[in-house]
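Inside the fold
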Amino acid sequence: MSDKLKSLDDLFQEQLRDLYSAETQLTKALPDMAKEARDPRLQQAFDQHLIETKNQVARLEQIGRGLGLELSGHTCKAMQGLVAEGKETIAEDATDEVKDAALIAAAQRVEHYEIAGYGTAAHYALRLGHTESAELLRQTLQEEQATDTLLNNLAKNYINAKAM
Ligand SMILES: [Fe+2]
Ligand SMILES: [Fe+2]
């Protein structure tokens, strides 16, 4: 057993690498989700979040540069699973309306995973005195929360009703 994790700082670095892998995987998955969405507002939500996600990758790279960390080389297995399930959703034989509802269900799982990750990482950064990193992580956290709320509103306000 290696004990490379000896401090909260080590754990913070590991969490950053995990988030970096998760976000880079999403930059590849979101275009497919957007293409598959039939509702224009849902499509727009995915397109907009793709732009945000690319910016979130850049924020993590900025944090990595600031702290002198290499963030690549790790794979977030949870995101691999979430993306695989998203692909299953895309491949499913469903009506347009049900497909849109299913895409939201898959996407909200992703957002909640990210919210958990960024909430933790932002808290570690603050505790470790990495003020600038904490601020960047908090900005991303807010984008993930806003995306989750947007998807929630789309589903509750009309997409789920169309799928009935
Ligand atoms: Fe993200
Ligand atoms: Fe996200």
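In every chain, residue numbers begin from 1 and rise along the written sequence. Following the order in which they are written, the chains are lettered starting with A and the ligands numbered starting with 1. Local features are withheld for residues below a pLDDT of 70 in this predicted model, meaning they are given only at 70 or higher, and side-chain atom pairs are given and counted only at 80 or more; totals for whole chains, interfaces and linings count all residues.

Looking at an unreviewed UniProt entry, one finds the protein named Ferritin-like domain-containing protein and attributed to Hymenobacter cellulosilyticus.

Some words on the packing of helix α4 (residues 96-127) against helix α5 (residues 131-162)
Each pair of packed helices can be summarised by the angle the axes make with each other and by the distance between the axes. In this analysis, axes come from line fits to C-alpha atoms, helices being fitted only over the stretch in contact, and the angle between any two N-to-C directions falls in the range 0 to 180 degrees. Working definition: helices are DSSP H or I runs of at least four residues, strands are E runs of at least two. Numbering for both runs from the N terminus. As a packed pair, α4 and α5 sit with axes 8 Å apart at the nearest point and diverge in direction by 160 degrees. Viewed along their axes, α4 and α5 adopt a mutual orientation that is roughly antiparallel. Both α4 and α5 take part in a crossing whose hand is left-handed. The classification used treats Ala, Val, Leu, Ile, Met, Phe, Trp, Tyr, Cys and Pro as nonpolar, Asp, Glu, Lys and Arg as charged, and all other residues, Gly among them, as polar. Among the residues forming the contact of α4 with α5, the class breakdown is 16 nonpolar, 8 polar and 8 charged. Any angle that falls under 35 degrees is termed roughly parallel, while one over 145 is termed roughly antiparallel, one within 65 to 115 roughly perpendicular, and all others oblique. With the far helix as reference, a near helix turned anticlockwise by less than a right angle produces a left-handed crossing, and one turned clockwise produces a right-handed crossing.

What to know about the environment of N157
Relative to the elements of secondary structure, N157 occurs in helix α5. Looking at N157, the number of C-beta atoms within 10 Å reads 10, which means it is exposed. Between the buried cut of 20 or more and the exposed cut of 12 or fewer other C-beta atoms within 10 Å of a residue's own C-beta lies the partly exposed class, and all C-beta atoms are placed from the backbone.

Quick notes on the packing of helix α1 (residues 8-36) against helix α3 (residues 77-91)
It is at 10 Å that the axes of α1 and α3 come closest, and there the two elements cross at 10 degrees. It follows that α1 is roughly parallel to α3 by the angle criterion. Here α1 contributes S21, A22, Q25, L26, A29, D32, M33 and E36 to the contact with α3, which in turn contributes M79, Q80, V83, G86 and I90. Its residues assigned to classes, the contact of α1 with α3 shows 7 nonpolar, 4 polar and 2 charged. Working definition of a contact: two residues with C-beta atoms, positioned from the backbone, lying within 7 Å.

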